[in-house]
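# Summary of structural features
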Amino acid sequence: MSGGPEEMRQRIDAWAAQVQAKAELYRALTAEMDKITDRGEAGNGAIRVTVDRNGAPVNIELTDDVRTMRPNHLAGELMTAFRKAQSTLGDQVVGLMQEKVPDDTASIAAMADNYARQFPAEPDEAAEPSSPPRHADDDDEDFSSRSFLR
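Note that the structure is a prediction, hence the values are computed from the model and not measured. (Residues numbered from 1 in each chain as written. Predicted model: local features only at pLDDT ≥ 70, side-chain atom pairs only at ≥ 80, totals over all residues. Heavy atoms only, no water.)

Moving on to the environment of Asp 113. Structurally, Asp 113 is set in helix α4 (residues 105-118). Exposure remark for Asp 113: the relative accessible area of 41% places this residue in the partly exposed category. For the pair Asp 113 and Gly 90, spaced 23 residues apart in the sequence, the C-alpha separation amounts to 8.7 Å. (Helix = DSSP H or I, 4+ residues; strand = E, 2+ residues; numbered from the N terminus. Buried < 20%, exposed > 50% of the residue type's maximum accessible area, 1.4 Å probe, protein only.)

Right, here's the structure in full:
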């Protein structure tokens, strides 16, 4: 290596500046990622769930139509709405990373894999026929004892 101690100091300073710039870029990326939310809907629109980028619920909206749903059906539809919202988070996060740090293909691939494993894609609704919703008016001995829904 030629140039002596002064050149070495300049190289170290340049390297430190690059590291600092990359750290700032990733801090800004993380701040933008923290704003990501997604929404899933189920129960013919009666249930809407919003999740943050970690898949945690930040809002649940229910219409009056849920009052006629059986509790076990309502619970299933809530979970469907959660899964729908969570299943598309990875696309948003990966898209943002591809936009902001396109050269970091290893991190992008790792993030895509992590989201795909944690929140798999929701099966196509047309491929899986769902059972019709059961309502409070349905004849069911177990259900009829739940007078709070009538």
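That shown, we press on.
Structurally, the position occupied by Lys 84 is in helix α2 (residues 71-87). By relative accessible area, Lys 84 is classed as buried at 18%. Of the polar contacts made by the side chain of Lys 84, one reaches the backbone oxygen of Glu 41; its length is 3.1 Å. (Polar contact = N/O pair within 3.5 Å; in protein donor to acceptor, adjacent residues only side chain to side chain.)

Okay, the confidence of the model for the protein next. When pLDDT is averaged along the protein, the result is 84, and 79% of the positions lie at 70 or above. pLDDT under 50 marks residues 126-150. Its contacts with residues more than four places away, or in other chains, come to 30 contacts. (pLDDT = per-residue confidence, 0-100. Contact = heavy atoms within 4.5 Å.)

Paired through backbone hydrogen bonds, the strands of a sheet run either parallel or antiparallel to each other. With antiparallel pairing, three strands are arranged side by side in an open sheet as β1-β2-β3. Two strands close off the open sheet at either side, each with one partner strand: β1 (37-42) and β3 (57-62). Strand-to-strand twist across the sheet, computed as the mean angle between neighbouring axes with direction ignored, equals 15°. Bridge count between β1 and strand β2 (residues 47-52): six bridges; the pairing is antiparallel. Residue pairing across strands places Arg 39 opposite Thr 50, the latter belonging to β2. Sitting on the sheet, α2 touches β1, β2 and β3, and the angle it makes with β2 is about 40°. Helix-sheet contacts for helix α3 (residues 89-100) involve β1 and β2, and the interaxial angle to β1 is about 160°. (Pairing = 2+ DSSP bridges. Axes fitted to C-alpha atoms, helices over the stretch in contact; angles between N-to-C directions.)

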